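Below are the chains, spelled out letter by letter.
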Amino acid sequence: MITRPRRLRKTQAIRNLTSETRLTPSMMIYPVFVREGRNIIEDIPSMPGQKRYSPDKLPLILERAAKANIGGVLLFGIPEHKDESASSAYDEDGVIQQAIRLSKREFPDLTIIGDVCMCEYTSHGHCGIIKNNEVDNDSTLEYLARIALSQAQSGVDIVAPSAMMDGQIKAIREVLDANNFHDTLIFSYAVKYASGFYGPFREAAGSAPSFGDRKTYQMDIRNVREALKEALIDIDEGADMLIIKPGLAYLDVLKTVKENTLVPVASYSVSGEYAMIKAASLNGWLDEKKIACEIAISQVRAGADIIITYYALELAEWLR
Ligand code: PBG
C-alpha cells in the first residue's frame, strides 16, 4: 500500500522531519573579491550587495562568515599590476597571498580556498600564457603550479584551479607534493562551461578577455558526456573535490557527474545567477529570499554536496 502523501505535509515540523533535502551552513562557500590597496570597500555595480575589499578590510566580511558557520570562503585576487605572465598571481606579497595569510592568522578555523587562475592577473585577460594569439595549454601548466604553490606557502587550505587547462590538476598535485604540501586539497573546477553567466564577475575582477573568448578552453554548453570525461580525468589526476559551474542551468550535468563519481561535488551559482535574482527582486518582481532558497535546494536535490554562492551568508543567516 502506498501511504497518503498529504499526511507528510500536515505541519511544518513534520515537513521538516520528513524532507528529502537539507541545507546547512556547513555546505556553503562564499566567494569574496580582494583587491590590492588599503582601506577600500567598494561596490560592484552589477552585483548589488557584493563588494571588493582591500586585505586590511577583509576581516569585516570574514568575521560574518565565521559567525555564520559556513563551510568556507573562496578568495579571488584583483591585483594593481597585470602582465603577460600573471606575475602578481605568484608574487609572495601579491594581494591573494596577503589575503590568505591574514585570513588564516585572524580566522584559523575558517576554511580558506584560493581560486587558481590567471585571467584576473594577465594584461590580456585570458586564463593562460598566449602564444601565436592563442592560449597555450602546456606552457600555462607551470604557471598554474607556481600560483598554487605560492598560495599553499601562504597557508591556504584548498586550491581551486579554474583555468580549464588539460593536465592542470596533475601539475598542481605534483608541485604541492614535491614541496610537502600533501594535505593541501585540490577543489577542481573540472566542469566549467563557456557561459554568459560570468559577465558580472568579469566586471568585478576586471578579467574580461581583451580579444577572442574562452571557448577554446572552457566547455561547450551543449555537451554533457564531455563533462563526465573532464570530471573523471581530474579525479584520476588527483582532484579531491569537483566544481560544476554555472549552477542552475547545469543541474543535469551536476546529477550525471554526481552519480558517476565518488568525490564531493559542488554546484557554483555564479555571478550572473546572483545578478538575475538581485535585479528582479530589486524591481519587486521576485521574492529574493524564496528564490535564493529554492535555487539552493534545487542544487542539493540534484546532488550537490557543496554549494558555492554569493548568497551563502544570507542563506546561512536565514537558516537560523
Ligand atoms: C576565473 C573564474 C571565473 C569565474 C570563477 N573563476 C571567470 C571566468 O571564467 O570568466 C566566474 C565566477 C562567477 O561568475 O561568479 N577563470
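Our subject in this report is the structure included herewith. (Residues numbered from 1 in each chain as written. Predicted model: local features only at pLDDT ≥ 70, side-chain atom pairs only at ≥ 80, totals over all residues. Heavy atoms only, no water.)

Let's shift gears to the overall build of the protein. Looking only at helices and strands, the protein has 11 helices and 12 strands in total. Here the protein has a C-alpha radius of gyration of 19 Å; the compact-globule value for 320 residues is 20 Å, and the two agree. Each of the three principal axes of the protein carries a C-alpha extent, and together these read 65 × 45 × 40 Å. At a minimum sequence separation of 6, the contacts of the protein that also span at least 24 residues come to 73%. Within the structure as shown, the protein displays about 14,900 Å² of accessible surface, and the carbon and sulfur contribution to it stands at 50%. When the 37 positive and 43 negative side-chain charges of the protein are each reduced to one mean point, those points stand 11 Å apart. (Helix = DSSP H or I, 4+ residues; strand = E, 2+ residues; numbered from the N terminus. Rg over C-alpha atoms; globule rule 2.2 N^0.38 Å. Contact = heavy atoms within 4.5 Å. Areas by Shrake-Rupley, 256 points an atom, 1.4 Å probe, with all protein chains shown as cover. Lys, Arg positive; Asp, Glu negative; His and termini not counted. Charge placed at Lys NZ, Arg CZ, Asp CG, Glu CD.)

Turning our eyes to something else, we now look at the side chain of glutamate 120. The residue glutamate 120 is located in the loop between β5 (112-116) and β6 (130-131) in this model. Among buried charged residues, glutamate 120 stands out as having no salt bridge; its nearest opposite-charge side chain is arginine 214, 7.0 Å away. Glutamate 120 has contacts with Phe76, Gly77, Pro79, Lys82, Asp115, Phe201, Ala205 and Ser207, leaving out every residue within four places of it along the chain. (Buried < 20%, exposed > 50% of the residue type's maximum accessible area, 1.4 Å probe, protein only. Salt bridge = Lys/Arg side-chain N within 4 Å of Asp/Glu carboxyl O.)

Topologically, histidine 124 is positioned in the loop between β5 and β6. On the basis of relative accessible area, histidine 124 is assigned to the buried category, the value being 5%. One polar contact links the side chain of histidine 124 to the main-chain amide nitrogen of histidine 126, over a distance of 3.1 Å. Dropping the residues within four chain positions of it, histidine 124 is found in contact with Glu84, Ile130, Ala208, Pro209, Ser210 and Phe211. (Polar contact = N/O pair within 3.5 Å; in protein donor to acceptor, adjacent residues only side chain to side chain.)

Time to look at the site of the ligand. Residues in close proximity to the ligand total 18 residues, the closest being Lys192, Arg202, Lys245, Ser271 and Tyr310. At 3.0 Å from an oxygen atom of the ligand is found a side-chain nitrogen or oxygen belonging to glutamine 218. Between the ligand and serine 271, the relevant distance is 2.7 Å, taken from an oxygen atom to a side-chain nitrogen or oxygen of the residue. When the ligand is considered free in solution it has 400 Å² of accessible area, and contact with the protein chains removes 100% of it. (Near = heavy atom within 4 Å.)

Along strand β8 (residues 158-161), one buried face is formed by Ile158 and Ala160 and the opposite face, lined by Val159 and Pro161, is buried too. Two elements, β5 and β8, share four bridges in a ladder whose sense is parallel. The residue bridging glycine 114 from the neighbouring strand is valine 159, located in β8. Across two bridges, β8 lies against strand β9 (residues 185-192) in parallel orientation. The residue bridging valine 159 from the neighbouring strand is isoleucine 186, located in β9. (Pairing = 2+ DSSP bridges.)

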